[in-house]
Amino acid sequence: METSAIDRVRASEFASETTYLNTSACGLLPRSAADAVKALVDDNATGRRQGAGDHATVVAARDAFARLVGVGPGRVAVGGSVASHVGLVAASLPPGAEVLAPTGEFSSVVSPFAVRGDLRTRYVPLDGLADAVRPGTAVVAFSAVQSSDGRVAALDAIRAAAAAHGARTLLDASQSAGWLPLDAGAYDYTVTGGFKFLMCPRGTSFLTVTEEAQETLPVLFPGMAAAEDAWGSVYGPVERLAAEARRFDEPVSFLSYHGAERSLELLAEVGVDAVHTHATALAARFREGLASLGHEAVPGASAIVAVPGLGGREPDLAAAGVVVSARAGNLRAAFHLYNTDADVDRALDVLAG
């Protein structure tokens, strides 16, 4: 059953003109987030604002994300892309270090390791990832939920295997944070693009780092925002970096973070557990309907549903106002707090036709 918070938020914050089942590609912006971005644009266009944006919104977004994933804000760095965050981790490894990742993992998670050229990258099927960790593995880099087909990784088993062999874990939560409860403190690093299930504007991303792992990460973006005393570090080299993960911040887009503050507040109001219950129930309804039409979806309890070989139907759905994705030959639909049973049934009706 839908919670009253979800009903209230759906009615007040979302007004999609399509049957939108494409949050895996990009989440819908809540009305309040869009309004915050528009207000900043107007302020910047008219000269009403001194400076390009409010640093307090970045602080608020950092704090809100930290609460969402169960860590203190001192473990969170902000930025604009997952690839940049992973690049920090890649830059920290010695030549010859082994990085283990699933076959077909999202490019941003593995490319920063691969392009270095002096690391050993090894790829195995997702369901064999835990068993493939071995002595000498430096980092296990993987997504909690696969972009291509919505499969959820065996999180507990992978963490246990990494711990047993002294490997660090890098978890990409871009396809899970916002609907799948996450304890970021259980991983050495997590990276999360905010523009999917967190419903933030693109250009919002978060890195979490344990205190131990912070000791080995290089500082690659040391502007004033990375200083312990930001406003005392406007001119000349930064003399003292922030003691916490803020020293790994990238310079951010204020437009993105003005919106992100509102989106993350909204998600906290609803609660990730409630979103999980709601979204996975819709996904289960969709899987059942697909089976009745003779289509076998990738099994599981993910909020993302993929149907192998059906990616060619994406244009038909788009023409009927149903927005999904075609990924790796799969038809991919993703369900979130703003979706309803009617959205599921509309997609099934089009596929039946």
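Refer to the structure printed above.
Predicted model, so just to flag it, every value in this text is computed and none were measured. (Residues numbered from 1 in each chain as written. Predicted model: local features only at pLDDT ≥ 70, side-chain atom pairs only at ≥ 80, totals over all residues. Heavy atoms only, no water.)

J.: What exactly am I supposed to notice about helix α2 (residues 31–46) here?
T.: Structural remark: α-helix, 3.6 residues per turn; residues separated by three or four positions point the same way. Here α2 contains 16 residues, and its C-alpha end-to-end distance of 22 Å stays within 8% of the 22 Å for a straight helix at 1.5 Å per residue. By the burial criterion, the buried members of α2 are A33, A34, A36, V37, L40 and D43. Of the surrounding secondary structure, the elements contacted by the buried residues of α2 are α9 (254–270). Phi turns positive one or two residues past the end of α2, at G47, with a value near 80°. (Helix = DSSP H or I, 4+ residues; strand = E, 2+ residues; numbered from the N terminus. Expected span 1.5 Å × (residues − 1). Buried < 20%, exposed > 50% of the residue type's maximum accessible area, 1.4 Å probe, protein only. Contact = heavy atoms within 4.5 Å.)

J.: I tried to follow helix α10 (residues 272–292) on my own but got confused; where do I start?
T.: In this model α10 runs 30 Å from its N-terminal to its C-terminal C-alpha over 21 residues, within 8% of the 30 Å that 1.5 Å per residue would give. Elements in contact with the buried residues of α10: α1 (4–13), α3 (55–69), α9, β9 (304–308), β12 (330–334) and α12 (341–352). The positive-phi residue at the C-terminal boundary of α10 is G294, with phi of around 90°.

J.: Could you clarify how one ought to interpret the packing of aromatic side chains in this entry?
T.: Each aromatic ring pair is summarised here by two numbers: the centre-to-centre distance and the angle between the ring planes. Applying the stated criterion across every chain yields a total of five aromatic pairs. When the ring of F206 is compared with that of Y257, the centres are 6.1 Å apart and the planes differ by 75°; the resulting orientation is edge-to-face. Within this pair, whereas F206 is found in strand β8 (residues 205–209), its partner Y257 is found in helix α9, the two being separated by 51 residues in sequence. There is no split in this pair, since F206 and Y257 are both buried. For R202, the ring lying beneath its charged end belongs to F195, and the centroid distance is 4.2 Å. (Phe/Tyr/Trp six-rings, centres within 6.5 Å; stacked < 30°, edge-to-face > 60°. Lys NZ or Arg CZ within 6 Å of the ring centre and 35° of its normal.)

J.: Explain the pairing of β12 to me, please; I cannot follow it from the model alone.
T.: Where a strand is regular, its side chains alternate between the two sheet faces. In terms of burial, β12 is largely enclosed, as five of its five residues are buried. Of the two faces of β12, the one lined by N330, R332 and A334 and the one lined by L331 and A333 are each fully buried. Bridge count for β9 against β12 is five bridges, and the pairing is antiparallel. Bridge pairing links V305 to A333 in β12. The pairing of strand β11 (residues 325–327) with β12 spans three bridges and is antiparallel. (Pairing = 2+ DSSP bridges.)

J.: Is there a simple way to explain the pattern of salt bridges in this structure?
T.: Pairing between side chains becomes possible if they bear opposite charge and their charged atoms approach one another. Counted according to the given criterion, the structure contains 16 salt bridges. A salt bridge links D43 to R49; its shortest N-O distance comes to 3.7 Å. Relative accessible area serves as the criterion here: at 27%, R49 is assigned to the partly exposed category. Across the salt bridge formed by R75 and E211, the nearest N and O atoms sit 2.8 Å from each other. You can see R75 sitting in the loop between α3 and β2 (76–79) and its partner E211 sitting in helix α8 (residues 211–214), a full 136 residues away along the chain. A residue is classified by how much of its surface remains accessible, and R75, at 22% relative accessible area, is partly exposed. Judged by its relative accessible area of 47%, E211 is partly exposed. By sharing partners, the salt bridges in this structure join E98, R120, R122 and R134 into a single network. (Salt bridge = Lys/Arg side-chain N within 4 Å of Asp/Glu carboxyl O.)

All we've got here are geometric facts, nothing functional implied.
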